[in-house]
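Observations on the three-dimensional arrangement
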Amino acid sequence: MGSRGEYFNLSSSSVQLHTQNSPVLSAIVLAGGKSSRMGRDKALIPIHGVPLLQLVCGIAQSCAETVYIVTPWSERYEHLLLPDCQFIKEVSLPIGDKKLEIQENTENTLIFPAPLLPCSPAPNTHGPLVGFAQGLAQVQTDWVLLLACDLPRLRVEVLQAWAAFLDNVRDEAIAALAAHPKGWEPLCGFYRRRCLPQLLEFINQGGRSFQQWLKQYPVEVLPLPAPEMLFNCNTPEDLAVIR
Ligand SMILES: Nc1nc2c(ncn2[C@@H]2O[C@H](COP(=O)(O)OP(=O)(O)OP(=O)(O)O)[C@@H](O)[C@H]2O)c(=O)[nH]1
Ligand SMILES: [Mg+2]
């Protein structure tokens, strides 16, 4: 737990209090990747009747004003119940060109330039870091909650307590994340919108690893009172555990 852990109190009454003081927040839910270990698209797998992406987006909406879904294949998910969620259709990088360019428009929001070329007939995946960068470019709030779509045991009250703590995160930190012995939990935590230039620089140098990127900057540690909430549903065996 970081030195600021004392700000946390996860009893239900304090969560309510903290939530009222939370900064305005956006959320990005990542729904791409190969799902190679699962053998089928994880986002569409029903957990107690609710497709995983729908479940995670519902939780994201309990914490954030705006929820973006970053995916190369939004058409796969259009039939899901995702009211008020906004799709960001991920673009592929041209063959042999790793550059991901983002320009600022006149309203000071960050947008991608003209659509990049698809680099193979099948939608390509560059991994979660590139998907995150494309989502972050659309975010208008100072902080964004990033969530993988394969987290069936997320706990709303923990996410809300974390969100309520963001105003206390030291200025130099680019993110606030839970830690594990080998690094950070990058796909269930908070990032400052202003880290986009550093992220693009890393990606444009060929970087694709959250852990490697995060190593370069200060990150605030979030306490994890319920580690099981980060249970990652990657394989048919994981799914059997959940069901
Ligand atoms: N938008 C987007 N999301 C991605 C991409 N790659 C992975 N993700 C998401 O990132 C999260 C973590 O992905 P993983 O479970 O590590 O990998 P995966 O590619 O989904 O599955 P495996 O092929 O089994 O490794 C999931 O929510 C994925 O949907 C990508 O290229 N684009
Ligand atoms: Mg996973």
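Residues numbered from 1 in each chain as written. Chains lettered and ligands numbered in written order. Predicted model: local features only at pLDDT ≥ 70, side-chain atom pairs only at ≥ 80, totals over all residues. Heavy atoms only, no water.

**What about the side chain of R192?**
As for its position among the elements, R192 is in strand β11 (residues 188–192). Despite its burial, R192 pairs with no opposite charge; the closest candidate is D171, at 4.1 Å N-O. A distance of 3.2 Å separates a polar side-chain atom of R192 from the backbone oxygen of D171. Excluding its chain neighbours within four sequence positions, the residues that come into contact with R192 are L136, D142, W143, V169, R170, D171, A173 and I174. (Helix = DSSP H or I, 4+ residues; strand = E, 2+ residues; numbered from the N terminus. Buried < 20%, exposed > 50% of the residue type's maximum accessible area, 1.4 Å probe, protein only. Lys, Arg positive; Asp, Glu negative; His and termini not counted. Salt bridge = Lys/Arg side-chain N within 4 Å of Asp/Glu carboxyl O. Polar contact = N/O pair within 3.5 Å; in protein donor to acceptor, adjacent residues only side chain to side chain. Contact = heavy atoms within 4.5 Å.)

**Describing the pattern of salt bridges**
One pass over the full model with this rule turns up six salt bridges. Across the pair D150 and K42 runs a salt bridge, and its minimum N-O distance is 2.9 Å. With D150 in the loop between β8 (143–148) and α4 (156–165) and K42 in the loop between β1 (25–30) and β2 (46–47), this pair connects stretches of sequence that are 108 residues apart. Notably, a salt bridge pairs E220 with R170, separated by 3.0 Å at the nearest N-O pair.

**Re the site of ligand 1**
Taken together, 20 residues lie around ligand 1, and S36, R37, K42, E90 and C149 are the ones closest in. Between ligand 1 and K34 there is a distance of 2.9 Å, counted from an oxygen atom to a backbone nitrogen or oxygen. Separating an oxygen atom of ligand 1 from a side-chain N or O atom of S36 is a distance of 2.5 Å. Taken by itself ligand 1 offers 610 Å² of open surface, and the protein chains cover 87% of this. Residue composition of the shell around ligand 1, by class: seven nonpolar, eight polar and five charged. (Near = heavy atom within 4 Å. Areas by Shrake-Rupley, 256 points an atom, 1.4 Å probe, with all protein chains shown as cover. Nonpolar A, V, L, I, M, F, W, Y, C, P; charged D, E, K, R; others polar.)

**Thoughts on the nonpolar core**
Counting residues in each nonpolar core, the largest one holds 41 residues, and the members touching the most others are V29, L53, L147, W162, C188 and F190. Those elements that place two or more of their residues in this core are β1, α2 (52–63), β4 (66–71), β8, α4, β9 (175–180) and β11. Once residues within four sequence positions are removed from consideration, F190 is found in contact with L25, W143, V144, L145, L159, W162, A163, L166, A175, A176, L177 and L222. By size, the runner-up hydrophobic cluster in this structure holds 29 residues, among which are Y68, L136, V139 and C195. (Core = buried A, V, L, I, M, F, W, Y, C linked by side-chain atoms within 4.5 Å.)

**Some remarks on the packing of aromatic side chains**
Scanning all chains against the criterion turns up six aromatic pairs. Three or more aromatic residues joined by ring pairs make a cluster, and in this case those are F132, Y191, F210, W213 and Y217. The positively charged end of R76 is found above the aromatic ring belonging to W73, 4.0 Å away from the centroid. (Phe/Tyr/Trp six-rings, centres within 6.5 Å; stacked < 30°, edge-to-face > 60°. Lys NZ or Arg CZ within 6 Å of the ring centre and 35° of its normal.)

**Examining the UniProt feature "binding site: Mg(2+)" (unreviewed entry) in the protein**
Per the UniProt record, the feature "binding site: Mg(2+)" (unreviewed entry) sits at D150. In this structure D150 comes out as buried when scored by relative accessible area, which is 7%. Excluding its chain neighbours within four sequence positions, the residues that come into contact with D150 are K42, L52, F231, N232, C233 and N234. (UniProt positions renumbered as here; feature names shortened; annotations may be inferred.)

**Quick look at the UniProt feature "binding site: GTP" (unreviewed entry) in the protein**
The sites that UniProt annotates as "binding site: GTP" (unreviewed entry) are L30, A31, G32, K42 and D150. Their sequence span is 121 residues, while the largest C-alpha to C-alpha distance among them is just 11.3 Å; these annotated residues converge on one region. Inspection of the secondary structure puts A31 in the loop between β1 and β2. Classification of A31 by relative accessible area gives buried; the value is 1%.

**Here's the deal with the confidence of the model for the protein**
Considering every residue of the protein, the mean pLDDT works out to 84; 77% of them sit at 70 or more. Note that pLDDT drops below 50 for residues 1–20; the model gives that stretch 30 contacts with residues more than four away or on any other chain. With pLDDT under 50 throughout, residues 104–122 is counted as low confidence; its partners more than four residues away or in other chains account for 41 contacts. (pLDDT = per-residue confidence, 0-100.)

**Here we look at the coordination of the magnesium ion (ligand 2)**
For the magnesium ion (ligand 2), every protein donor is listed as D150 (OD), N232 (OD1) and N234 (OD1), and the spread of their distances is 2.2 to 2.4 Å. Written as a sequence motif, the donor residues of the magnesium ion (ligand 2) are D-x81-N-x1-N. Under the relative-accessibility criterion, N232 is labelled partly exposed at 30%. Note on N234: relative accessible area 10%, which makes it buried. (Donors = N, O, S within 2.8 Å, 3.2 Å for Na, K, Ca; no water.)

**Quick notes on unusual backbone geometry**
Even without being a glycine, H48 presents a positive backbone phi close to 50°. Relative to the elements of secondary structure, H48 occurs in the loop between β2 and β3 (50–51). The phi dihedral of D84 falls on the positive side, at around 70°, and the residue is not glycine. Relative to the helices and strands, D84 resides in the loop between β4 and β5 (85–89).

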